[in-house]
Structure formats: structure tokens, C-alpha cells
Amino acid sequence: MTDGPRVVLAPDKFKGSLTAPEVATALAAGIRRADPAADVRCVPVADGGDGMVDAFVAAGWRRVEVAAPGPVGEPSRAVYAVHERTAVVELAAAVGAAKLRGRLDPLRANTYGLGVVIAHALDNGAEEIVLGLGGSASTDGGSGLLRALGLRLLDHDGAELDGATSDVVTLLGRVASVDRAGLHPAIARTSFTLACDVDNPLLGPAGAVAVFAPQKGAGPKQMLALEAALTNWAAVLGTGYAEIGGAGAAGGTGFGVLAVLGAQVRSGIDVLLELLEFPDLVGGAALVVTGEGSLDHQSMHGKAPVGVAAAAKAAGVPVVAAVGRTLLSPGEIRAAGFAGCYALSDLEPDPGLSIAHAAALLERVGERIAAERW
């Protein structure tokens, strides 16, 4: 134990540069260099997207690796985190767009591999599953995930559709009913939580296709076909679920899990902070440091740093942000709950160099925080 101030480092990743644990490590190095007596606690966070499993593993949860097909069925491996009977499963780690390495395939990409990971967790005793949505490669309405868990998709003649050989548009366009009899038996005793930072419905101008499909490589004609396919899928499973905020998350994966698995939707960062018992971790701390690559107006809508700031404020602990850049005014930064904001762009204005040398710059930020905040 040290006699210095206790500092809790709870940053999200710097996308395209450093993982959340790497950001925390760099900040910690700078703080300890400036104040060797500081009691630094690293608690990297995520808002439901890529990096969520890493955050829980860094907090001491057990890392589980499993073979699971990637977004277009290629052999791959995925990881999830476990503590007691709770499993945190991350879509991006199983069927995320990053696994395609730029070779986007908007009509073939699906979530089947994610269902394989969930089934593994269920087979090994999980009774609460938190599903982090983000970084998706597909727009399949969660149909792949559900097929992996035993849901049968049937056509108008009652014949099972072959999801392994059909693209998303063909599969969801032809489905007329589903057979739930073969669903994994553990689903009935398991609670499912969708951890995401978007509130989009499944369909329409704010839906999964209109907002997110272009990022996954879909052109205008493909988008029309995907919207029609998801509209039919919604009619089969229940249009009421399609209108719930979050149903459009991860290419409609939220919709499928809501409609069939009875999931509830929650803010990703709120779920993470609750499971990590964050209020207990920050109680009595001198300072909390959070951050992400870009602190901007989108950050105000469910992103990790603002969630951390709210939790720190509730615990009566000041919080500052360490970020790659900020597009917020000083007044907006204060209104978001931050006592200060330290941007790497202030030290290195060239974006390319800032990204390349982010770790070293964050160490300098850590030193500055230690020098100015206590």
C-alpha cells in the first residue's frame, strides 16, 4: 500500500491506436513517474463495443476462449469473460467487422458465431449473459445467433431454410415462421442483457439498415433488399419488438435477442460499471481519470467517459478526461461533469503522429495530471 493519493484510471480505448488497458497503463506510468507515492488503480472500461471482454478480464474475470465461425463462416476463435454465473459476451470478438480485415460482405455476414459463443457459455453454467453489441459486420437481425441456439427458420411450406448456404436477404425474405422447440434448454433459466450505446429501432430511417449498413459495405440496392428482408423478419417475430430502442443495434441483433430471448436493453457503460462495482472502487479516491480517442457530441449519448463521469460524481469524486482530441467547448466539458480535459492534440497537433505516439503522449498527460490535480 502507498500513502499517496488514490487515483482510479477508467479509460475506454483510443480507437485505432490503443486498447483501454493500454491507455490505463500509459497514464499510470506517467502518474507514478510524477508521484511515486500515488496509489493508482487501473479499471479500463468499454461501452458495449469492442474491448468489453478485455475490460472485464483486466478486472479479474476469467477469460474463456472458444472456436466459433467468424462473420462469413470462416474458422475463427472468440473470447468471453466469466465471473461466477455471469458471462460477458462481446459481438465484436466473435463476428465483428474487424475480423473481415476490410473485406466487407454485407449480404453474407451473419451472427451465427456469436450464437456459438453464447451456447458455450450456457453449456458451462452461465445463468446471466451480458451481450456487448458494437463493431458488427452484419445486418441479419440476429437470425444467425438464434439459429446457432437452436431456432429453426421455416418457409411457407414448413420446410427448414438452410441458413448456412443462403445470404441474409434470401434467408430472411423467405422465412414465414419459426420453430422454437429446439432452442437451447438453458435459455429458459437465463437472463439476457443487451449492453449497447445506441437506441435505434430495427426499421425505418433511423433503423439498422439506414444508419449502419453503409458502414458494412452495403450499396443502395443492397440496402433496399436488406430493409425488405428485415421487415419480413420483423413480421415473423413481432413488429412490436422492432420498435424498441436498441432493436437496430448491431445490424438488428438487438431485435432478435429481444424477440426470442427476452432480453432487456441497457446502457453498455452502466452495465459494466455495475458489474465491476465501480462505486466501491472509487469511494474515497482523490481523482478518477477517464477518456477515449475523441471526446465529442456523440460522447454525450451513452459513451463510456460520460458514464464514468456520472458515476464518479455520484461518489463525490472529481473526474478528468484524457483524450486524443476534443471537439467540445470548455463549457460543454464542464457540463458533462469533467473538472478538466487533457487532449493529446494539445501536445502533438499532427493526428498521424498523435496516433502513432499515443502511449508516450499519454504518459506525459499522466505526469501533467499528477502535477496539477493534487
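Note that this is a predicted model, so its numbers are computed, not measured.

A. Just helix 1 (residues 20–34), in detail. Under the 1.5 Å per step criterion, the end-to-end length of helix 1 is 22 Å for 15 residues, consistent within 8% with the ideal 21 Å. Residues of helix 1 that are buried include every one of Ala20, Val23, Ala24, Ala26, Leu27, Ala28, Gly30 and Ile31, and no others. Buried residues in helix 1 make contact with strand 1 (6–9), strand 2 (39–42), strand 11 (287–290), strand 13 (319–323) and helix 17 (358–373).

B. Seen up close, the environment of Pro201. Summarising the element assignment, Pro201 is placed in the loop between strand 9 (191–196) and helix 7 (208–212). For Pro201 and Gly352, which are 151 residues apart along the polypeptide, the C-alpha to C-alpha distance reads 36 Å. If near-sequence neighbours (up to four positions away) are discounted, Pro201 is found in contact with Ala206, Gly207, Ala208, Ala242, Glu243, Ile244, Ala247 and Gly248.

C. Summary view of helix 8 (residues 220–237). Taking 1.5 Å as the rise per residue, helix 8 with 18 residues should run 26 Å; its terminal C-alpha atoms sit 26 Å apart, in good agreement. Residues of helix 8 that are buried include every one of Leu226, Ala229, Leu230, Trp233, Ala234 and Leu237, and no others. Buried positions in helix 8, seen along its axis, are confined to an arc of 145 degrees and lie on one side of it. Turned more than 90 degrees off the buried face of helix 8, the exposed positions are Pro220, Lys221, Leu224 and Ala235. Downstream of helix 8 by a residue or two, Gly238 has a phi angle that is positive, lying close to 130 degrees.

D. Layout of the sheet that holds strand 13. Taken in spatial order, the 5 strands line up as 2-1-11-13-15 in an open sheet, and their pairing is parallel. Edge positions in the open sheet fall to strand 2 and strand 15 (340–343), since each of these has one partner strand only. The mean inter-strand angle of the sheet, taken between neighbouring strand axes irrespective of direction, is 20 degrees. Of the strands in this sheet, strand 11 and strand 13 touch helix 13 (residues 304–314), which is tilted by about 170 degrees from strand 11.

E. The domain arrangement of the chain, seen in detail. Structurally, the chain comprises domain 1 (6–45 + 277–372) and domain 2 (52–266). Taking the mean C-alpha position of each, domain 1 and domain 2 sit 32 Å from one another. Contacts between the two partners involve 6 residues from domain 1, matched on the other side by 4 residues from domain 2. In terms of surface lost to domain 2, no three residues of domain 1 exceed Pro21, Pro44 and Lys303, which account for 58% of the buried area on that side. Note that Asp197 is salt-bridged to Lys303, the shortest N-O span being 2.8 Å. Linking domain 1 with domain 2 are 1 residue pair in polar contact (both at pLDDT 80 or more), by the criterion used here. By residue class, the composition of the side of domain 1 that touches domain 2 is 3 nonpolar, 2 polar and 1 charged.

F. Region of the structure containing the sheet that holds strand 10 (residues 264–267). Read from one edge to the other, the open sheet built from 6 strands follows the order 3-4-5-6-9-10, with strand pairing classed as mixed. Both outer strands of the open sheet, strand 3 (62–67) and strand 10, are each paired with one neighbouring strand and no more. Strand-to-strand, the axes of this sheet are offset by a mean angle of 30 degrees, without reference to chain direction. Where strand 3 lies against strand 4 (residues 77–83), 6 bridges are found, and the strand directions are antiparallel. Opposite Arg62, over in strand 4, you have Val82 as the bridge partner. On the sheet, helix 10 (residues 249–261) packs against strand 6 (128–132), strand 9 and strand 10 and is oriented at approximately 160 degrees with respect to strand 9. Along the sheet face, helix 11 (residues 268–275) touches strand 5 (86–90), strand 6, strand 9 and strand 10 and points at about 85 degrees away from the line of strand 10.

G. Focus on the packing of helix 8 against helix 10. The geometry of helix 8 relative to helix 10 is characterised by a closest axis approach of 11 Å and an angle of 15 degrees between their N-to-C directions. Classed by the angle they form, the pair helix 8 and helix 10 counts as roughly parallel. Between helix 8 and helix 10 lies a crossing of left-handed hand. Every residue of helix 10 that contacts helix 8 at Trp233, Ala234 and Leu237 is listed here: Phe255, Ala259 and Val260.

H. Just the pattern of salt bridges, in detail. Evaluation of the coordinates by the stated rule reveals 15 salt bridges. Between Lys13 and Asp50 there is a salt bridge, and its shortest N-O distance comes to 3.7 Å. Of this pair, Lys13 sits in the loop between strand 1 and helix 1 while Asp50 sits in the loop between strand 2 and helix 2 (52–58), and the two are 37 residues apart along the sequence. Among the ionic pairs, Glu65 bridges to Arg63, the shortest N-O distance being 3.6 Å. With relative accessibility at 41%, the residue Glu65 sits in the partly exposed group.

Cut-offs applied
- Residues numbered from 1 in each chain as written.
- Predicted model: local features only at pLDDT ≥ 70, side-chain atom pairs only at ≥ 80, totals over all residues.
- Heavy atoms only, no water.
- Helix = DSSP H or I, 4+ residues; strand = E, 2+ residues; numbered from the N terminus.
- Expected span 1.5 Å × (residues − 1).
- Buried < 20%, exposed > 50% of the residue type's maximum accessible area, 1.4 Å probe, protein only.
- Contact = heavy atoms within 4.5 Å.
- Arc of directions from axis to C-beta.
- Pairing = 2+ DSSP bridges.
- Axes fitted to C-alpha atoms, helices over the stretch in contact; angles between N-to-C directions.
- Domains from an automatic or database assignment.
- Buried area = accessible area lost by both parts, 1.4 Å probe.
- Salt bridge = Lys/Arg side-chain N within 4 Å of Asp/Glu carboxyl O.
- Polar contact = N/O pair within 3.5 Å; in protein donor to acceptor, adjacent residues only side chain to side chain.
- Nonpolar A, V, L, I, M, F, W, Y, C, P; charged D, E, K, R; others polar.
- Parallel < 35°, antiparallel > 145°, perpendicular 65-115°, else oblique.
- Left-handed = near helix turned anticlockwise from the far one by under 90°.

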